[in-house]
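Secondary and tertiary structure notes
Below are the chains, spelled out letter by letter.
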Amino acid sequence: MSHRPLILAWMAFVSASLFAQAPAVDYDDPDPKMIERLVADLGSDDFRQRETSMAALRQLGDLAAPFLLRHPNSTDAELRRRAHDLLIEIEKRGQVFCATGHEKGIVTLALLPGDQKVLTASEDRTIRLWDLADGKQLRQFDGHTKEVWALAVAPNGRRFASSGQDCVVRLWNLDGGLRSHELATLPHYVRCLLFSADGQRLLAGTFDGNIYVLDVHSGKTTATWPGHKDAVLCLTITPDGSKILSGGGLRDASVCVRDAKTGAVLQRLVGHREHVWAVAFVDNQHAVSAGYDNIVRLWDIKTGKVEREFKGHDNGVYGLAVSGDGKRMLTGGYDKIIRLWNLASGEERRRFMQHADGINALAFTSNGRYAVSAGNDRTLRMWQLPRMRKGARTK
């Protein structure tokens, strides 16, 4: 006698039972309390309830991730296991591509205007240009004799600058050939580069603690800005182009807020205990910084006070980016994890854990829907970022 009819009948009964218990969920704009209830039901004594909640949370996808992240140490083993499994599923959906080609770790990246292409610089002494539509390599730029640590794209998007361990600052044309123009040779390793808002000057942060201001036409050093007791590891400029941030090495561990024209230190942000590897502006009055002490800090740059600390990474944070609207932040570190944060609330919204080694660089696309990352595993990755609940967008 065949048992197939009985098996099919049992499956139909279970499906009908699950459907009957399914809560009413608005999958476009779910109620946070409903999501919390679904997460709690992952530990229910009723198997059908657990499966129903699992299915609903799976469909919610990235909107459920922040709630699932709240239970890594739950005493309920079943809830903990199911939440972990769902987070892994959601995370895998987020990766758009993983591009390979560099022979050694990628130190930095730079998005080109228009969000269609990205540059990467590596310890393998090369710079590569990638298509963000499919992750294909478009060009390779050779010329540096040692590791390349710094990239900066000109405001017009037509050329970029690079430098690193060979101390040579090079200018490249993106719409021309593959040969570079040697703009200048500086006395120390160059860790970071930044174009002025008008594109006429190029700032180079070096290991001697100075920022060298270079004329982009002549290559001459027009000014040298002191202010740090150790290497200048990172630079960024305010949205209005009026101020610059610079981050210092271990013996300094501070962030300098500077006048963008003169380099005068307007404020010194003190709080980090180790190297400051990354800085970014949130708006013209607020900035974030990250470093080897594992903590990301949100600053009021006028008062010099810390407004919030973001904790979670258990190793140095090297990658840092803020979305164009100033609402979200990405951090990546040597714990191999990328974290997406809500800047206003301080809540962690999502994790991406596919990198096999430390993460050195991050960037949002201009529309905030995607991000790119690169690190010591020699990969460039693109991520689709989670949706925001409709009700949360106006807060």
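Cut-offs used in this document
- Residues numbered from 1 in each chain as written.
- Predicted model: local features only at pLDDT ≥ 70, side-chain atom pairs only at ≥ 80, totals over all residues.
- Heavy atoms only, no water.
- Helix = DSSP H or I, 4+ residues; strand = E, 2+ residues; numbered from the N terminus.
- Rg over C-alpha atoms; globule rule 2.2 N^0.38 Å.
- Buried < 20%, exposed > 50% of the residue type's maximum accessible area, 1.4 Å probe, protein only.
- Areas by Shrake-Rupley, 256 points an atom, 1.4 Å probe, with all protein chains shown as cover.
- Lys, Arg positive; Asp, Glu negative; His and termini not counted.
- Charge placed at Lys NZ, Arg CZ, Asp CG, Glu CD.
- Pairing = 2+ DSSP bridges.
- Axes fitted to C-alpha atoms, helices over the stretch in contact; angles between N-to-C directions.
- Contact = heavy atoms within 4.5 Å.
- Disulfide = S-S within 2.5 Å.
- Parallel < 35°, antiparallel > 145°, perpendicular 65-115°, else oblique.
- Left-handed = near helix turned anticlockwise from the far one by under 90°.
- Nonpolar A, V, L, I, M, F, W, Y, C, P; charged D, E, K, R; others polar.
- Expected span 1.5 Å × (residues − 1).
- Polar contact = N/O pair within 3.5 Å; in protein donor to acceptor, adjacent residues only side chain to side chain.

Turning next to the overall build of the chain. Helix and strand counts for the chain come out as six helices and 28 strands. Rg of the C-alpha trace for the chain: 24 Å, near the compact-globule value of 21 Å for 395 residues, within the 12% margin. With respect to the three principal axes, the spread of C-alpha positions in the chain is 90 × 45 × 30 Å. Counting only residues that meet the buried cut, the chain has 54% of its 395 residues in that class. Element-wise, carbon and sulfur atoms account for 49% of the exposed surface of the chain, whose accessible area totals about 17,900 Å². Charge centroids of the chain, computed over 53 positive and 46 negative side chains, lie 1 Å from each other.

Hydrogen bonds along the backbone pair up the strands of a sheet, which may run parallel or antiparallel. Read from one edge to the other, the open sheet built from four strands follows the order β18-β19-β20-β21, with strand pairing classed as antiparallel. The open sheet has two edge strands, β18 (276-281) and β21 (305-310), and neither has a second partner. Going from strand to strand, the sheet's axes swing by 25° on average, the running direction of each strand aside. Pairing of strand β19 (residues 286-291) with strand β20 (residues 296-300), which is carried by five bridges, proceeds in the antiparallel orientation. When the bridges of β20 are listed, V288 appears paired with L298.

Structurally, the position occupied by R82 is in helix α5 (residues 77-94). Of the residues examined, R82 reaches a relative accessible area of 5% and is grouped as buried. If sequence neighbours within four positions are ignored, R82 has contacts with L42, F47, R50, E51 and M54.

Turning next to the pairing of strand β3 (residues 117-122). In regular strands, side chains alternate between the two faces of the sheet. Burial within β3 is extensive, with five of its six residues counted as buried. Sheet topology note: the strand β2 (residues 106-111)/β3 ladder contains five bridges and is antiparallel. In the strand pairing of β3, A110 is matched with L119. In sequence, β2 turns back onto β3 through a hairpin of five residues, with G114 there showing a positive phi of about 100°. In terms of strand pairing, β3 meets strand β4 (residues 127-131) through five bridges, oriented antiparallel. Each bridged residue has a counterpart across the sheet, and for T120 the counterpart in β4 is R128. Counted along the chain from β3 to the antiparallel partner β4, the turn is four residues long, and its residue R125 has a positive phi close to 75°.

Here we come to the environment of Q95. Residue position: Q95 is located in strand β1 (residues 95-100). On the basis of relative accessible area, Q95 is assigned to the partly exposed category, the value being 24%. Residues Q95 and L380, 285 residues apart in the sequence, show an inter-C-alpha distance of 11 Å. The residues touching Q95, leaving out its near neighbours within four places in the chain, are Q354, R381, M382 and W383.

Tallying each qualifying case throughout the model produces zero disulfides. Of all cysteine sulfurs in the structure, the one in C234 sits closest to C192, which takes part in no disulfide; the separation is 6.3 Å. Residue C192 is classed as buried on the basis of its relative accessible area of 7%. Judged by its relative accessible area of 7%, C234 falls in the buried class.

Relative to each other, helix α2 (residues 32-40) and helix α3 (residues 47-60) sit at 135°, their axes nearing to 8 Å. One element, α2, and the other, α3, form an angle in the oblique class. For α2 against α3, the interelement crossing comes out left-handed. On the side of α2, the interface is formed by I35, L38 and V39, while α3 contributes S53, A56, L57 and L60. When its residues are assigned to classes, the contact of α2 with α3 shows six nonpolar, one polar and no charged.

Taking 1.5 Å as the rise per residue, α3 with 14 residues should run 20 Å; its terminal C-alpha atoms sit 20 Å apart, in good agreement. Listed as buried for α3 are Q49, R50, T52, S53, M54, A56, L57 and L60. Backbone nitrogen of R48 and a side-chain oxygen of the N-cap are separated by 2.9 Å at the start of α3; the cap is D46. Backbone geometry just after α3 places G61 at a positive phi near 60°.

Any functional reading would require information that these geometric values do not contain.
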